[in-house]
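Each chain, letter by letter, is given below.
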Amino acid sequence: MKKLLAKAAFCMVLLAGFQSAHAQRLFTIFVNPMYNAPSGDKFSGAYNAGFGIEGGAGIGWGRTFLTGTLGYNWFNATGKYKNFGLPGTKPGNLTATPIKVGIRQYLFGRMLYAKVDGGVAFTNNKHDKGSKFIADAGVGVKLAGFNLGIDVNTLNFGLGEPYTSGKWVNWVSFKAGWSFGL
């Protein structure tokens with residue numbers, strides 16, 4: 001029984017040491033493939049699904065990290081655009097390449113996190129290309145370098161078309177990826 005208790009105590013000390021060393025990492029790199037679900041009547045009517053990828057890095061102290069991300073999102077145009085009084089005017093597939101900075105706050109031993117980001121997205125579809133303001137907020141869980149997360153993204157999408165002109169459009173990103181701490 002004493003040997004079992006000694007082994008258990010030794011394992012707990014190793015685990016605490018590993019967790020302490022893990023918590024002291026000041027730099028992290030991450031890559032997240034994602035599925036994007038457009039929301040709102042107009043945006044989800046013009047686009048039915050999207051896919052993307054983002055990569056980034058963070059530098060931090062304790063549980064708080066400043067992050068920078070670069071991504072690529074692609075949205076498939078639908079045939080539902082006629083709902084917006086635009087017969088014969090299909091918007092075309094949309095691409096958005098966001099560059100964002102933000103803050104990530106880890107909770108509960110750096111397993112759960114909440115984050116906010118903002119920046120610029122370079123967009124392109126059949127009727128418009130240009131730069132737009134983009135922001136997101138999200139939550140996630142990190143398990144041994146594997147990340148699962150969900151973000152709500154908003155983009156000021158002034159395309160000059162009646163279905164989006166001057167509007168904020170939103171989508172939800174479901175992410176699964178990897179992160180590496182240094």
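The following refers to the structure shown. (Residues numbered from 1 in each chain as written. Predicted model: local features only at pLDDT ≥ 70, side-chain atom pairs only at ≥ 80, totals over all residues. Heavy atoms only, no water.)

1. Structural notes on the overall build of the protein chain
The helix and strand inventory of the protein chain stands at two helices and eight strands. Traced from its N-terminal end to its C-terminal end, the protein chain shows the element sequence α-β-α-β-β-β-β-β-β-β. Going through the 182 residues of the protein chain one by one, you find that 40% of them count as buried. Once local pairs closer than 6 in sequence are excluded, the contacts in the protein chain between residues at least 24 apart make up 58%. (Helix = DSSP H or I, 4+ residues; strand = E, 2+ residues; numbered from the N terminus. Buried < 20%, exposed > 50% of the residue type's maximum accessible area, 1.4 Å probe, protein only. Contact = heavy atoms within 4.5 Å.)

2. Some points on the pairing of strand 7 (residues 146–156)
Residues of strand 7 alternate between two faces, with Asn 147, Gly 149, Asp 151, Asn 153 and Leu 155 buried on one and Phe 146, Leu 148, Ile 150, Val 152, Thr 154 and Asn 156 left unburied on the opposite face. Pairing between strand 6 (residues 129–143) and strand 7: 10 bridges, direction antiparallel. Note that in strand 7 the partner of Val 139 across the bridge is Ile 150. As consecutive antiparallel partners, strand 6 and strand 7 are separated by two residues, and within that stretch Ala 144 has a phi angle of approximately 50°, a positive value. With 11 bridges connecting them, strand 7 and strand 8 (residues 168–181) associate as antiparallel partners. Paired with Gly 149 across the bridge in strand 8 is Lys 175. (Pairing = 2+ DSSP bridges.)

3. Comments concerning the side chain of Asn 125
Checked against the element boundaries, Asn 125 lands in the loop between strand 5 (112–124) and strand 6. Here the side chain of Asn 125 touches Tyr 47 through a polar contact of 3.0 Å, side chain to side chain. (Polar contact = N/O pair within 3.5 Å; in protein donor to acceptor, adjacent residues only side chain to side chain.)

4. Things to note about unusual backbone geometry
Keep in mind that most residues, glycine aside, have a negative phi and that most peptide bonds are trans. At Ala 144, a residue that is not glycine, the phi angle is positive and equals roughly 50°. In this fold, Ala 144 is placed in the loop between strand 6 and strand 7.

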